[in-house]
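Residue-level structure breakdown
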Amino acid sequence: MNKNILVVTTIGLLFSLQSCKQEVKNDSVITETINPLEKTYQPKVFDASKFETKINSLISQMTLEEKIGMLHGNSMFSTGGVERLGIPELKMADGPLGVREEISRDSWAAAGWDNDFATYYPAGGGLSATWNIDLAYVFGNSVGQELRARDKDMLLSPAINIIRTPLGGRTYEYFTEDPFLNKKISVPLIIGLQDNDVMACVKHFAANNQETNRDFVDVQIDERTLREIYLPAYKAAVTEANAYSLMGAYNKFRGEYLCENDYMLNKVLRDEWGFKGVVVSDWAAVHSTVKTLENGLDIEMGTPTTNFNEFLLADRLIAAAKAGDISEEEIDEHVKRILTVLFQVKAIDGEGRVKGSIATEAHYKDAYDIAAESIVLLKNDNHVLPLKLEGIKSIAVIGNNATKKNALGGFGAGVKTKREVTPLEGLKNRLPESITINYAEGYLERYDDKKKGKLGDITLNGPVTIDELDATKLQEAIDAAKKSDMVIIFAGSNRDYETEASDRRSLELPFAQEELINKVRAVNPNTIVVMIAGAPFDIVDISEKSPTLVWSWFNGSEGGNALADVLLGAINPSGKLPWTMPKKLEDSPAHATHSFPGDKSVTYTEGILVGYRWFDTNKIEPLYPFGYGLSYTNFEFSDLKTDKKTYKASDVIEATFTIKNAGDADGKEVAQLYVSDPKSYVEKAAQELKGFKKVFVKTGATELVTIQLPVKELAYYNEVKKEWLVESGTYNIKIGNSSRSIKKEIQINIE
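Quick caveat: nothing in here was measured; it's all calculated off a predicted structure. (Residues numbered from 1 in each chain as written. Predicted model: local features only at pLDDT ≥ 70, side-chain atom pairs only at ≥ 80, totals over all residues. Heavy atoms only, no water.)

1. Re the overall build of the protein chain
This is how it is decided: By definition, any uninterrupted DSSP run of H or I lasting at least four residues is a helix, any uninterrupted run of E lasting at least two residues is a strand, and each is numbered from the N terminus. Based on C-alpha atoms, the radius of gyration is set beside the globule rule, defined as 2.2 Å times the residue count to the power 0.38. Note on exposure labels: buried denotes an accessible area under 20% of the residue type's maximum, exposed denotes more than 50%, and partly exposed covers the range between, all computed with a 1.4 Å probe on protein chains only.
For the protein chain, the helix and strand inventory stands at 19 helices and 31 strands. Its C-alpha radius of gyration of 26 Å places the protein chain within 12% of the 27 Å reference for a compact globule of 751 residues. In terms of principal-axis extent, the alpha carbons of the protein chain reach across some 80 × 65 × 50 Å. Within the span of the protein chain, comprising 751 residues, buried residues form 64% of the whole.

Take a look at the structure:
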């Protein structure tokens, strides 16, 4: 397990699929298909009809009260079952970073178990920075095993909302600003998770792109933007991954709360996409009784009261049904959906259900593999990295982030784990004993609680930092730097500062870290800066003055070891940014258009020009572009070709090219395929990501790479005809290793 497996395709392509599991720990075989060009993951068949007879029999025996008991929470993380009929509770767990610790049935207090430790996995930002669909499957499959070991049915994950603003409080948890990368990471993750007889609850559907006023803000998006940017990953989750569950978001969309939004839940999700699973509300996101059910929600969860019968889909629904305000047939339909997913994951008639395993060495290895491929090398001007230890007797390690743990923290779900290797611990684990580590905290993580206001107000809510250096801590850092041969500063953020329920106030680094970095660099220029954060920050000055700059994430149980291995060269960095790093906040589209955060309503004025689409189309120079990341070696792209010059709408474009490793270290490169339509009759971005592949290339070797691009991926959504259309004409196919580093370009024609 977790071995490098070399796969030779029929065109002679040799590439490394690191961390791809070949052993199966459950009765559900991982259905991996190697086609002539690339590996794909196939989901389990989701066929509601095969359980229909049993479900109808059960429903016929249930009372109205028993049916409605299944439509709302009967604890913090479960819904009611019907014990006399063998129907269990539907048991849920939070899980963006791994399976959350057990909490009390009627409060947020910890249950106090001593056996609910779990693996802490890298946050969504780290996973997406790998640009590795195989690791996305590993992530889902590994977490799914842990969920089953805790006897849960549903993981409240993944969170796949598009990153619209760099200030987003949940940017660390979400994947990317790009809809194509988003769906390509989401689909294998969901398949891997559900291969373990559990449900993915894909969230937050939809247009939940800010924490500010999230409970009530009314999001206005034109239909084309909705379809092209904000829905593709959700559609793929349903139509390609067979997701068993989605979570309705807090906010409104075009005037209606999303947990009672007929257009989104009925017309789009079920009628268009054919979704057969259940829709669960975000916690306390339900606002009506009859309307909520009729408009598509199935399960109400939340914590407005410890009396779960007071939920809107509890006693009030019983009263509405008895009064004739809603039919029992309508209620039956929602109960059928819940029973269907319970049968699907073998929670009923559960013979052969996956047992799972948790906090194992194999799972820690999974977390390590993801972290190792997520780390982004931003600058390495003097080739200081990988570290050359000859003659080095001492290293100063400076910064609170060298020892900060992020498995828990902030407002939202964390993981109770026995293992979280910090950066300092990772260096101690990897450096030879002959090298002395001089650690200094440098800055204090401090907050001004007097300035923290009510939930949801960006000017008042969230952590307010004290941005002054402590004189003693500063002097300790300067002394450590002076007496050491070199310095590694660990700066950035943490999960107490980047958190659900509030967006950040600015892009400024908290805790006066920039001042600390400048003062330490002044006494020891041989300084490496390592940022640990989930979202962009203003690091323009740091980037200009630091010849060596590394970006890491909230990176799981083995994050410190993975980071040390990258710094020391045991791992060649291959991470790429999944979002654009702006030079200043005003360059980002939601802020350039003054359309964030809105008040009671927010209009996405930038339309389809989200993220790098905005920067590239408007020729705005980012600090670091989307898809950017360096390596310890050099890759050269050449010989870009397509299998034809002219294509029909039903064709698949095959773009082939070579990547040569012209440096002196083996490494992985992410080849990125962008497409532009310069003569389009409608507004389009300057270019859009439409394909990518992560390729392992040995030093001195050349690999032939093929990327498949279905012509239908070139379609835009026509709001008048309400359909996807591919324009005929000439398109530019571009290959590069970031949105601003295009290496080769050719033209094709679409009939």
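2. Digging into empty space enclosed by the protein
Cut-off, in case you're wondering: Cavities and pockets were defined on a 1 Å grid built over protein atoms only: a cavity is a set of grid points that admits a 1.4 Å probe from which the probe cannot escape, a pocket is an open set flanked by protein on both sides within 12 Å along at least five of seven lines, and lining residues are those with an atom within 4 Å of any such point. Grid points are joined across faces, edges and corners, and a volume is the space filled by probe spheres set on the points. Each residue gets one of three labels, nonpolar for Ala, Val, Leu, Ile, Met, Phe, Trp, Tyr, Cys and Pro, charged for Asp, Glu, Lys and Arg, and polar for the others, Gly among them.
On inspection of all chains with the given rule, the structure shows 5 cavities of 30 Å³ or more. Lining the largest cavity are 17 residues, and of these Val421, Pro423, Ile532, Trp553 and Asn555 lie nearest its centre. Examining the composition of the lining of the largest cavity, we find that 3 residues originate from one element, helix 17 (residues 559-568), more than from any other. Class assignment for the residues of the lining of the largest cavity results in 7 nonpolar, 8 polar and 2 charged. What the second largest cavity holds in volume is close to 80 Å³. Among the residues making up the lining of the second largest cavity, the classes are represented as 6 nonpolar, 3 polar and 2 charged.

3. Overview of the packing of helix 5 (residues 179-194) against helix 7 (residues 232-239)
Basically, it comes down to this: Helix axes are fitted to C-alpha atoms over the stretch in contact, other axes to C-alpha atoms as well, and angles between N-to-C directions run from 0 to 180 degrees. Just so you know how the angles are binned, under 35 degrees is roughly parallel, over 145 roughly antiparallel, 65 to 115 roughly perpendicular, and the rest oblique. Each helix crossing is assigned a hand: it is left-handed if the near helix lies turned anticlockwise from the far helix by less than a right angle, otherwise right-handed if that turn is clockwise. Contacts are assigned to residue pairs that have any heavy atoms within 4.5 Å of one another.
One way to put it is that helix 5 packs onto helix 7 with a least axis distance of 8 Å and a crossing angle of 30°. Our classification of the angle between helix 5 and helix 7 gives roughly parallel. Crossing hand, helix 5 versus helix 7: right-handed. Residue-level inspection shows Pro179, Asn182, Lys183, Ser186, Val187 and Ile190 of helix 5 in contact with helix 7, the latter providing Pro232, Ala233, Ala236 and Ala237. For the contact of helix 5 with helix 7, the per-class residue count stands at 7 nonpolar, 2 polar and 1 charged.

4. Re the nonpolar core
A general trend in soluble globular proteins is that nonpolar side chains are found buried together. Threshold: Among the buried residues, those of types Ala, Val, Leu, Ile, Met, Phe, Trp, Tyr and Cys that are joined through side-chain atoms within 4.5 Å form a nonpolar core.
Formed by 166 residues in total, the largest nonpolar core has its most connected members in Ile87, Met92, Phe205, Ile331, Phe490 and Leu567. In contact with methionine 92, not counting residues within four places along its chain, are Phe77, Thr79, Lys152, Met154, Leu156, Val280, Trp283, Ile299 and Met301.

5. Details of the packing of helix 6 (residues 223-230) against helix 8 (residues 262-272)
Contact geometry of helix 6 with helix 8 gives a least axis separation of 15 Å together with a crossing angle of 60°. One way to sum up the angle between helix 6 and helix 8 is to call them oblique. Crossing of helix 6 over helix 8 shows right-handed handedness. Each of Glu223, Leu226 and Arg227 in helix 6 lies in contact with helix 8, whose residues at this interface are Tyr263, Met264, Val268 and Glu272. Tallied by class, the residues present in the contact of helix 6 with helix 8 amount to 4 nonpolar, no polar and 3 charged.

6. A word on the UniProt feature "domain: Fibronectin type III-like" (unreviewed entry) in the protein chain
Counted only if it meets this: UniProt positions are given in the numbering used here, feature names are shortened, and annotations may be inferred rather than shown by experiment.
As annotated by UniProt and renumbered to match this structure, "domain: Fibronectin type III-like" (unreviewed entry) occupies residues 669-739. Structurally, residues 669-739 comprises 0% helix and 61% strand, and the distance from its first C-alpha atom to its last is 14 Å.

7. Description of the side chain of serine 128
Mapped onto the elements of the fold, serine 128 is located in helix 3 (residues 124-129). Owing to a relative accessible area of 0%, serine 128 belongs among the buried residues under this scheme. In this view, serine 128 contacts Phe175, Leu181 and Pro578; residues no more than four positions away in its chain are not counted.

8. Comments concerning the pattern of salt bridges
Stated formally: Any Lys or Arg side-chain nitrogen located within 4 Å of an Asp or Glu carboxyl oxygen qualifies as a salt bridge.
Per the stated rule, a full pass over the model turns up 54 salt bridges. Salt-bridge contacts for aspartate 94 lead to arginine 100; the nearest nitrogen and oxygen are separated by 2.8 Å. For aspartate 94, a relative accessible area of 12% corresponds to the buried category. Its relative accessible area of 16% is what places arginine 100 among the buried residues. The salt bridge involving arginine 224 is made with glutamate 228; its shortest N-O contact spans 2.6 Å. Of this pair, arginine 224 and glutamate 228 are both found in helix 6, 4 residues apart, which corresponds to roughly one turn of the helix.

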